[in-house]
Amino acid sequence: MDREGPGAPLERHVLKTRLFQPGPVPVPDRVRLAMAQALPHHRTAAFQPTFEACRLGLKRVFQTDQPVVMLASTGTGGMDAAVSNLLSPGDHALVIRGGKFGERWAEICARYDVRTTCIDVEWGSGADPQAVKAALDANPDIRAVYLQASETSTGASHPVREIADLVHRRDDCVIVVDGITAVGVYDLPMDKWGLDVVVSGSQKSFMLPPGLAFVALSERAQRFMKEARCPRFYFDLAGELGVIEGNQSAWTPAISLLMGLEESLKIILDEEGLEGTWARTEQIAHATREAMRAIGLDLVAPDSPSAALTAVFVPDGIEGPKLRAYLRDELGINVAEGQGKFKGKIFRIAHLGYYDRFDAITAVAAVEMALSALGFSGKTGEGVVKATELLRG
Ligand SMILES: *Cc1c(COP(=O)(O)O)cnc(C)c1O
């Protein structure tokens, strides 16, 4: 790029690195400090208050009275457990496949020899409940429905509540929701909607490093567990359920991450409040979407957007990898790339977790700067105007 012109060459400036991928998201300083404390031993009284605060706080975030198991793994470990603990080889599952993470449900099922019927949803769209109803009606032996609440690869959300209502018309079927970019992002009330399993992970709305998966299980899911014969050892949730009420885990817990979780739950539940967290996330998501439109860019999921992130098509004439590289190397802004068939075609900006209004404006400004540096002829400048207007408060 041209380094002439006013000011010092860019490499002499301090360049801050900013994370805008939908996981991991930035970790607040006080959460990092909580994790830096000396380790208590997990089987001692010194650790019990932390475990208990996490156990009870998670129930509030998941909006459930059911147990929420904490596993030392990333979110995918929780998804894995949500298949192996509920079903047996040869069982039939329905999978809603509208992106990379929907594909993951199908891959996990296949690995356990669970038969799947997949509803392929156009990437960027939400699932159609009528298609789910038709699939359930045509396949009375379906025992579990797997879906994402928020499909992070496309930025779309699925109509979980409507689908849960359909599943509930049968009493031999469970609904399993990957809520990894929905829990703590927007309203997804597990008990009220009758969701049987909800999975989440630490590096998304919980503002922690990766390494914890959370799996909440309804009574029906716990009943399924007793009959499920898929092989499992580390991820056998019966072991966790047997000891969790006593503030213990089956194996050594990720002690430092739980110390961080105790702190982040204080922020989410006691300081901002769950509804405040949802409102902030929705506000910056809305402003970012409108800003992208104002620039003249197309959204990947215009009709059913998730507040967790905004996915945007790279405009014609611009190369996706170059745009991301410019944002990262020249501006210090890390956005996520497209996955699977969207590779090189989209970029994604996170809103879930530790982001405020000025973070959103920064991301919008960076996209405009990068696009104009790469020769984009759209309305750069309009995005920041729009975002600022919507975020003025
Ligand atoms: C991040 C994410 C996951 C989990 O990914 P890990 O890399 O295992 O943490 C699963 N589903 C969705 C929708 C996600 O956004």
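Note that the structure is predicted; figures quoted are calculated from it, not measured. Residue numbering note: each chain is counted from 1, following its sequence as written. Totals for whole chains, interfaces and linings use every residue, but because this is a predicted model, local features are given only for residues with pLDDT of at least 70 and side-chain atom pairs only at 80 or more, for both listing and counting. Water and hydrogen atoms play no part in the side-chain values, which are based on all heavy atoms of the structure.

A. Geometry of the pattern of salt bridges. Salt bridge, as used here: a side-chain nitrogen of Lys or Arg that lies within 4 Å of a carboxyl oxygen of Asp or Glu. Summed over the entire model, instances satisfying the criterion amount to 22 salt bridges. A salt bridge links E52 to R55; the nearest nitrogen and oxygen atoms lie 3.6 Å apart. Linking E52 with R55, this pair stays in helix α2 (residues 48-62), spanning three residues, or about one helical turn. Overall, the relative accessible area of 33% leaves E52 in the partly exposed class. Close ionic contact of R143 with D91 constitutes a salt bridge, the shortest N to O distance being 3.1 Å. With R143 in strand β5 (residues 142-148) and D91 in the loop between α3 (75-84) and β3 (92-97), the pair connects residues that are 52 residues apart, well separated along the chain. Comment: elements are numbered from the N terminus, with helices defined as DSSP H or I runs of at least four residues and strands as E runs of at least two. Residue exposure (1.4 Å probe, protein chains only): buried if accessible area is under 20% of the type maximum, exposed if over 50%, otherwise partly exposed.

B. A look at the side chain of S304. Within the element layout of this structure, S304 appears in the loop between α11 (274-295) and β11 (309-313). Nitrogen and oxygen atoms within 3.5 Å of one another constitute a polar contact, given that in protein one can donate a hydrogen and the other can accept it, and given that sequence-neighbouring residues count only through two side-chain atoms. Only 3.2 Å separates the side chain of S304 from the backbone nitrogen of G126, close enough to count as a polar contact. Contact definition: two residues touch when any of their heavy atoms are within 4.5 Å. Setting aside chain neighbours within four positions, we find S304 in contact with G124, S125, G126, G155, A156 and S157.

C. How the structure looks around the nonpolar core. Here, nonpolar core means buried Ala, Val, Leu, Ile, Met, Phe, Trp, Tyr and Cys residues that are tied together by side-chain atoms lying within 4.5 Å of each other. Counting residues in hydrophobic clusters, the biggest one holds 97 residues, and the most contacted among them are L188, L195, F206, L261, M292 and F347. For this core, the leading source of residues is helix α10 (residues 255-272), giving nine residues. Boundaries between domains were set according to an automatic or database domain assignment. Two domains each provide a minimum of three residues to this core, namely domain 1 (18-26 + 273-391) and domain 2 (29-270). Beyond its immediate stretch of four places on either side in the chain, L195 contacts V160, A164, I175, V177, L188, P189, M190 and S218.

D. Spatial organisation of the site of the ligand. By nearness alone, 13 residues border the ligand, and T74, T76, T152, D178 and K204 come closest of all. Within the side chain of T74, a nitrogen or oxygen atom sits 2.6 Å from an oxygen atom of the ligand. T76 places a polar side-chain atom, nitrogen or oxygen, 2.5 Å from an oxygen atom of the ligand. Surface accessibility in these figures is a Shrake-Rupley result with a 1.4 Å probe; residues are shielded only by whichever protein chains are displayed. Contact with the protein chains covers 87% of the free accessible surface of the ligand, which is 380 Å². In terms of residues, the shell around the ligand owes the most to one element, α3, which gives three residues. Classifying every residue of the shell around the ligand by side-chain character gives three nonpolar, seven polar and three charged. To be near a molecule or strand, a residue needs just one of its heavy atoms within 4 Å of it. Residues are grouped as follows: Ala, Val, Leu, Ile, Met, Phe, Trp, Tyr, Cys and Pro are nonpolar; Asp, Glu, Lys and Arg are charged; every other residue, Gly included, is polar.

E. Layout of helix α13 (residues 357-373). Compared with the 24 Å implied by 1.5 Å per residue over 17 residues, the 25 Å span of α13 between its first and last C-alpha is a close match. Restricting attention to buried positions, one finds in α13 the residues A360, I361, A363, V364, A366, V367, E368, A370 and L371. Looking at the packing, one finds that the buried side of α13 touches α11, α12 (320-331), β12 (333-334), β14 (346-350) and α14 (382-391). Residue G375 follows α13 closely and has a positive phi angle near 95°. A helix is expected to span 1.5 Å for every residue after the first.

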